[in-house]
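Letter by letter, the chains look like this.
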Amino acid sequence: MDAARPRGGRLPRRERRAQLLDSALGVFVEHGYHAAAMDDIAERAGVSKPVLYQHFPGKLDLYLALLDSSCDAVIENCRVALESTHDNKQRVAAAMGAFYDYVGAETGAFRLVFESDLTNEPAVRQHVERVTTECAAMIAGVIHDDTGLPDEASRLLSVSLVGMAQVSARYWLQEAGTLDREQAVALVSGLAWRGIRGYPLTD
C-alpha cells in the first residue's frame, strides 16, 4: 500500500473525500477494523485528524462508506457480467469471472466485504449481506426466466452459485497459487455450468 502522503494544500471536498477513502482502505485491509486507528488513516492521507473528522464523524462511518462502495462494485460487476451475453454458459463464466476479478484486485477491497472482522455490527452485516442478496436476485431472475422454476427454487440455486463464486475465489487467491485466474475461472464455472444446465429451458 501507499506510504503516508505529504501534507499538501486544500483539495475540493469530493477529491478530499476520495483521497481519505483510498487511504482508509489501505489501513483497513492491512489491519482490520479493530486494529485500524483514525490517526493511522489521517497520517497516510497526509491530513490532520480534524480534517478527517470533518468528512467522517467516526471510524465506523468511514468503514461503512468504504463498505458501501465496495459492495456496489461487486454488484455492478455481477450485473455487467449477466448482461454481457445471452448465452447461459458464457453468463456463468462471466459471473464467476467478475467475482475472481474483484477478489484478485490489488486493492484487497474484497476483505471488507467477505472477510470483515465487524460482522457483529448490524449495519456492517446488512451491507455484507446485500452483496449476496442483490447478486443472487439478478441470477435468480435469469434462472427463473430460462427454466420456469419457482421463485424459491431459483433463489436457492442463485445463492448457491454466488456462494460458490466468492468462496472459491478467496480460496484461489490464498491457497491455489499455481492456478492462474483463467484456469481457476474455467474450472469453477465448468462445475457450475454442468449443474445448472441440467434444468431444461422453457419455450
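Residues numbered from 1 in each chain as written. Predicted model: local features only at pLDDT ≥ 70, side-chain atom pairs only at ≥ 80, totals over all residues. Heavy atoms only, no water.

- Labelled according to an unreviewed UniProt entry, the protein chain appears under the name TetR/AcrR family transcriptional regulator, originating from Nocardioides marinquilinus.

1. Some words on helix 8 (residues 151–174)
Logical step 1: The end-to-end C-alpha separation of helix 8 is 35 Å, in line with the 34 Å expected for 24 residues at 1.5 Å each.
Logical step 2: For helix 8, every residue scored as buried is listed here: Ser 154, Leu 157, Ser 158, Leu 161, Val 162, Ala 165, Gln 166, Ser 168, Ala 169 and Trp 172.
Logical step 3: Buried residues along helix 8 sit in contact with helix 5 (88–104), helix 6 (110–114), helix 7 (122–147) and helix 9 (181–196). (Helix = DSSP H or I, 4+ residues; strand = E, 2+ residues; numbered from the N terminus. Expected span 1.5 Å × (residues − 1). Buried < 20%, exposed > 50% of the residue type's maximum accessible area, 1.4 Å probe, protein only. Contact = heavy atoms within 4.5 Å.)

2. Side note on the side chain of Ser 116
Logical step 1: With respect to the element layout, Ser 116 can be found in the loop between helix 6 and helix 7.
Logical step 2: Given the relative accessible area of 14%, Ser 116 is considered buried.
Logical step 3: A polar contact of 3.1 Å, which involves the side chain of Ser 116, links it to the backbone nitrogen of Leu 118.
Logical step 4: Excluding anything up to four places from it in sequence, Ser 116 contacts Tyr 63, Arg 111 and Val 124. (Polar contact = N/O pair within 3.5 Å; in protein donor to acceptor, adjacent residues only side chain to side chain.)

3. Side note on the UniProt feature "DNA-binding region" (unreviewed entry) in the protein chain
Logical step 1: Under the feature "DNA-binding region" (unreviewed entry), the UniProt entry names residues 37–56.
Logical step 2: Secondary structure content for residues 37–56 is 75% helix and 0% strand, and the end C-alpha separation is 13 Å. (UniProt positions renumbered as here; feature names shortened; annotations may be inferred.)

4. Description of helix 7
Logical step 1: For helix 7, built from 26 residues, the straight-helix expectation of 38 Å at 1.5 Å per residue is met to within 8% by its first-to-last C-alpha distance of 36 Å.
Logical step 2: The principal kink in helix 7, of about 30 degrees, is found at Glu 129.
Logical step 3: Turning to helix 7, its buried residues are Val 124, His 127, Val 128, Arg 130, Val 131, Cys 135, Ala 136, Ile 139, Ala 140, Val 142, Ile 143 and Thr 147.
Logical step 4: Close packing links the buried residues of helix 7 with helix 4 (59–83), helix 5, helix 6, helix 8 and helix 9.
Logical step 5: Of the residues flanking the end of helix 7, it is Gly 148, one or two places downstream, whose phi is positive at about 75 degrees. (Bend = angle between axes of the 7 residues up to and from the residue.)

5. Brief notes about the nonpolar core
Logical step 1: Grouped together as the largest cluster of nonpolar side chains are 60 residues, with contacts concentrated most on Phe 28 and Leu 62.
Logical step 2: Listed by contribution, the elements that provide at least two residues to this core are helix 1 (13–35), helix 2 (38–45), helix 4, helix 5, helix 6, helix 7, helix 8 and helix 9.
Logical step 3: For this core, the leading source of residues is helix 4, giving 11 residues. (Core = buried A, V, L, I, M, F, W, Y, C linked by side-chain atoms within 4.5 Å.)

6. So, the UniProt feature "domain: HTH tetR-type" (unreviewed entry) in the protein chain
Logical step 1: The feature "domain: HTH tetR-type" (unreviewed entry), as annotated in UniProt, sits at residues 14–74 in this numbering.
Logical step 2: The straight-line gap between the two end C-alpha atoms of residues 14–74 is 22 Å; of that span, 87% is helix and 0% is strand.

7. Topic: the state of the cysteines
Logical step 1: If you walk through the whole model with that rule in mind, you get 0 disulfides.
Logical step 2: In this structure Cys 71 is not part of a disulfide, and its nearest cysteine sulfur, from Cys 135, lies 9.3 Å away.
Logical step 3: Residue Cys 71 is classed as buried on the basis of its relative accessible area, which comes to 0%.
Logical step 4: You can see Cys 135 has no disulfide; the closest cysteine sulfur is in Cys 78, sitting 3.9 Å from it. (Disulfide = S-S within 2.5 Å.)

8. Overview of the pattern of salt bridges
Logical step 1: Tallied over the full model, the rule gives 11 salt bridges.
Logical step 2: One salt bridge in this structure joins Asp 39 and Lys 49, with 3.4 Å as the shortest N-O distance. One end of the pair, Asp 39, is in helix 2; the other, Lys 49, is in helix 3 (residues 49–55), with 10 residues separating them in the sequence.
Logical step 3: Residue classification places Asp 39 among the partly exposed residues on the basis of a relative accessible area of 44%.
Logical step 4: Residue Asp 101 is joined to Arg 181 by a salt bridge in which the shortest nitrogen-to-oxygen separation is 2.9 Å. Of this pair, Asp 101 sits in helix 5 while Arg 181 sits in helix 9, and the two are 80 residues apart along the sequence.
Logical step 5: Judged by its relative accessible area of 44%, Asp 101 is partly exposed. (Salt bridge = Lys/Arg side-chain N within 4 Å of Asp/Glu carboxyl O.)

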